[in-house]
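Working through the structure, step by step
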Amino acid sequence: MAFNLTSSAFSEGAPIPAQYTCEGADVSPPLAWSGAPANTKSFALIADDPDAPRGTWVHWVLYNLPASVGALPEGVSNVNTLQGLGGARQGMNGSNHTGYSGPCPPPGKPHRYFFKLYALDQPVALAANATKADLERAMTGHIVAQTQTMGTYQRS
């Protein structure tokens with residue numbers, strides 16, 4: 001079975017509904033995954049926009065999700081440590097805030113938003129509020145599988 005990531009809020013390559021953006025409630029979309037390798041000990045998630053005018057914009061950094069977790073609900077709280085999700089931690093987004101920050105591109109062409117999920121052979125040794133770069137360094141040599149889903153958004 002292949003490792004895959006989906007959202008019940010949008011299909012692969014389809015528009016992300018406004019409620020998950022700066023033009024709506026700006027809450028995180030629900031995500032679910034399956035098919036992680038048996039040696040997975042934790043998951044990490046990075047959501048970013050490679051189409052941002054000043055380079056890739058980070059929308060979400062989340063790590064140390066236990067291997068027993070197979071989904072994230074809509075509206076994950078923007079707090080450092082997620083008690084209801086096994087003590088998973090959230091890092092800093094591009095706005096220098098903890099947790100999820102939804103799509104908010106400049107008006108014009110649609111942007112792509114990649115939600116990348118990593119299966120790791122161990123939890124990462126990072127405190128809360130780590131950056132995407134911190135997480136990528138900590139994951140080096142520990143990624144056993146990776147999957148992603150992508151949605152688009154264009155501001156009106």
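Our structure is the block above this text.
Residues numbered from 1 in each chain as written. Predicted model: local features only at pLDDT ≥ 70, side-chain atom pairs only at ≥ 80, totals over all residues. Heavy atoms only, no water.

A few points about the overall build of the chain
Looking only at helices and strands, one finds one helix and nine strands in the chain. Listing every helix and strand of the chain by position from the N terminus yields β-β-β-β-β-β-β-β-α-β. For 156 residues, the compact-globule estimate of 2.2 N^0.38 gives 15 Å, and the chain sits close to it at 15 Å. In terms of its C-alpha atoms, the chain occupies a principal-axis envelope of roughly 45 × 35 × 25 Å. Buried residues in the chain amount to 46% of all 156 residues. Put simply, 70% of the contacts in the chain that link residues at least 6 apart link residues at least 24 apart. (Helix = DSSP H or I, 4+ residues; strand = E, 2+ residues; numbered from the N terminus. Rg over C-alpha atoms; globule rule 2.2 N^0.38 Å. Buried < 20%, exposed > 50% of the residue type's maximum accessible area, 1.4 Å probe, protein only. Contact = heavy atoms within 4.5 Å.)

Quick word on the pairing of strand S2 (residues 31-34)
The alternating pattern of S2 places Leu31 and Trp33 on a buried face, while none of Ala32 and Ser34, on the opposite face, is buried. Where strand S1 (residues 4-6) lies against S2, three bridges are found, and the strand directions are antiparallel. Bridge pairing in S2 places Asn4 opposite Ser34. Taken together, the two bridges between S2 and strand S5 (residues 71-72) define a ladder with antiparallel strand orientation. (Pairing = 2+ DSSP bridges.)

Describing the side chain of Thr152
Relative to the elements of secondary structure, Thr152 occurs in strand S9 (residues 143-153). The exposure class assigned to Thr152 is buried, which follows from its relative accessible area of 16%. If we skip the residues at most four places from it in the chain, Thr152 touches Gly13, Ala14, Pro15, Ile16, His111, Arg112 and Tyr113.

What about the environment of Ala52?
Relative to the elements of secondary structure, Ala52 occurs in the loop between strand S3 (42-49) and strand S4 (57-66). Ignoring anything within four residues of it in the chain, the contact list for Ala52 reads Trp57 and His111.

What to know about the pattern of salt bridges
According to the stated counting rule, one finds five salt bridges in the structure shown. Among the salt bridges present, the one from Arg137 reaches Asp134, with a minimum N-O distance of 2.7 Å. Of this pair, Arg137 and Asp134 both sit in helix H1 (residues 132-139), three residues apart, roughly one helical turn. On the basis of relative accessible area, Arg137 is assigned to the exposed category, the value being 55%. A cluster of three or more residues bridged by salt bridges with shared partners is formed by Asp48, Lys116 and Lys132. (Salt bridge = Lys/Arg side-chain N within 4 Å of Asp/Glu carboxyl O.)

Some thoughts on the nonpolar core
Trp33, Trp60, Leu65, Leu72 and Phe115 are the most contacted members of the largest nonpolar core, which has 27 residues in total. Elements represented by at least two residues in this core include exactly S2, S3, S4, strand S8 (111-120) and S9. A per-element tally of this core places S8 first, with four residues. Contact partners of Trp33, with chain neighbours within four places excluded, come to Phe3, Asn4, Leu5, Phe43, Leu65, Val69, Gly70, Ala71, Leu72 and Leu117. (Core = buried A, V, L, I, M, F, W, Y, C linked by side-chain atoms within 4.5 Å.)

A look at the layout of surface pockets
What the largest pocket holds in volume is close to 280 Å³. Sorting the residues of the lining of the largest pocket by element identifies S4 and S8 as the ones contributing at least two each. When grouped by side-chain class, the residues that make up the lining of the largest pocket number seven nonpolar, seven polar and two charged. (1 Å grid on protein atoms, 1.4 Å probe; cavity = no way out; pocket = protein on both sides within 12 Å on 5 of 7 lines; lining within 4 Å. Points joined across faces, edges and corners; volume = space filled by probe spheres on them. Nonpolar A, V, L, I, M, F, W, Y, C, P; charged D, E, K, R; others polar.)

What to know about the sheet that holds S1
Here three strands make up an open sheet; going across it, the order is S1-S2-S5 and the pairing antiparallel. If you trace the sheet from one side to the other, it starts and ends with S1 and S5, each paired once.

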